[in-house]
Amino acid sequence: MKDTILDALKAAYTLDADDLVANRFGSGHIHKTYKVDSSTQSYILQEFNDAVFKHPERISNNLGYLLDNFDPADLHFVLPLPIPNKQGELFTELDGGLYRLFPFVNGITRDDIDHKEQASKAAEAFAYFVKVFSNTDSSKLQDTIQDFHHLEWRYSQFDEALKNPAIEINDETREMIAYYELRKDLLEQYGIYRKQLPLRATHNDTKINNLIFSEDLKKVNAVIDLDTIMAGFVFYDFGDLARTVACTRDESSLDWGNINIDLVKYEGLLEGFYSVLAGNITDEELGSLPFGAEMMTLIMGLRFLTDHLNGNIYYQVEYPEQNLHRAKNQAELLTAFMAKRQEINALEADLKKKFL
């Protein structure tokens, strides 16, 4: 990192020391991230990517609102919100770029988990986020990515791509198109929930690597990557977590025959949400959680397939058919979720007896 940026950083913020050293940190694909160390304190400095998040002022609005409406003591983990600069702003222009400064949180991140207890701890952390902000006014939150989890809009994108595809549609692609066309039956339930359930402050990107665990993986130290905080439904957050944790293969796997649901991990996730949120959100919201796993899997499959039809213009690919294969991966996973509805309903019934 250039010394001019560090000089501008020291001028813009009230920091504990002047002897700052910065090095690239992490492997994120959206924002460039640096760890800034002094003799007394460490920080995370992030260069903001406004090509992906086109409305930084909306992120500032949402994070500022949360800063003003929660007590950190209510959480069992750190919520590393941006540190305001000397002008009280969350974004700072440094040497021509737009940056944010965060407190550094010790711990480790994981792309997968090993057992049910870790699944439960992860779910509890995201559920506590919902709980702490359950009484805030979600109408004060602005959409940082428009229609991010709106299933009807994702289908409209898919339908538009089908009208004028950028690729030649072969038999493999045609099979996937037919599969996702048949899944439009989930739109009806989505529409019912949109009318019935309240919008809340939700994280909206609840992948396991958006948690910082303690070194022994026995607790969560922090929930991170907060740019997608918006008004949403609780089943969004449970669904994306279940999609990425309870699956027996990652979303790039071509091992079609072994893409399935780990019901033990799924039970841990469901129990984590119930243990925190039972009595704090409505029974109808708790009942919508299994639907969220199906819907969020459907949305990701649709996004991959739509991008394939559009010529791979959004997601990075290593070969031309990768987005098609990602869509097939999510189709296998969605089929597994639907096939296990009876077992999932039984898990849910047991949790209702325990917590409600």
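This text goes with the structure placed above it.
Residues numbered from 1 in each chain as written. Predicted model: local features only at pLDDT ≥ 70, side-chain atom pairs only at ≥ 80, totals over all residues. Heavy atoms only, no water.

(A) Just the overall build of the protein, in detail. Along the protein, the regular secondary structure elements total 12 helices and nine strands. The C-alpha radius of gyration computed for the protein amounts to 21 Å, which stays within 12% of the reference 21 Å derived for 356 residues, consistent with globular compactness. Counting only C-alpha atoms, the protein reaches 60 × 50 × 40 Å along its principal axes. Of all intrachain contacts in the protein linking residues separated by at least 6 positions in sequence, the fraction that spans at least 24 positions is 73%. In the protein, which carries 36 positive and 57 negative side-chain charges, the distance between the mean positions of the two groups comes to 2 Å. (Helix = DSSP H or I, 4+ residues; strand = E, 2+ residues; numbered from the N terminus. Rg over C-alpha atoms; globule rule 2.2 N^0.38 Å. Contact = heavy atoms within 4.5 Å. Lys, Arg positive; Asp, Glu negative; His and termini not counted. Charge placed at Lys NZ, Arg CZ, Asp CG, Glu CD.)

(B) Region of interest: helix α4 (residues 151–163). Across its 13 residues, α4 extends 19 Å between first and last C-alpha, which sits within 8% of the 18 Å expected from 1.5 Å per residue. The set of residues buried in α4 consists of Leu 151, Arg 154, Tyr 155, Phe 158 and Ala 161. On an axial view of α4, the arc spanned by its buried residues comes to 115°, and they lie on one face. (Expected span 1.5 Å × (residues − 1). Buried < 20%, exposed > 50% of the residue type's maximum accessible area, 1.4 Å probe, protein only. Arc of directions from axis to C-beta.)

(C) Up close: unusual backbone geometry. The phi angle at Asp 225 is positive, at roughly 55°, despite the residue not being glycine. Mapped onto the fold, Asp 225 is located in the loop between β8 (220–223) and β9 (230–232). Notably, Asn 312 is not glycine yet its phi reads approximately 60°, a positive angle. By the element assignment, Asn 312 lies in the loop between α10 (289–309) and α11 (322–339).

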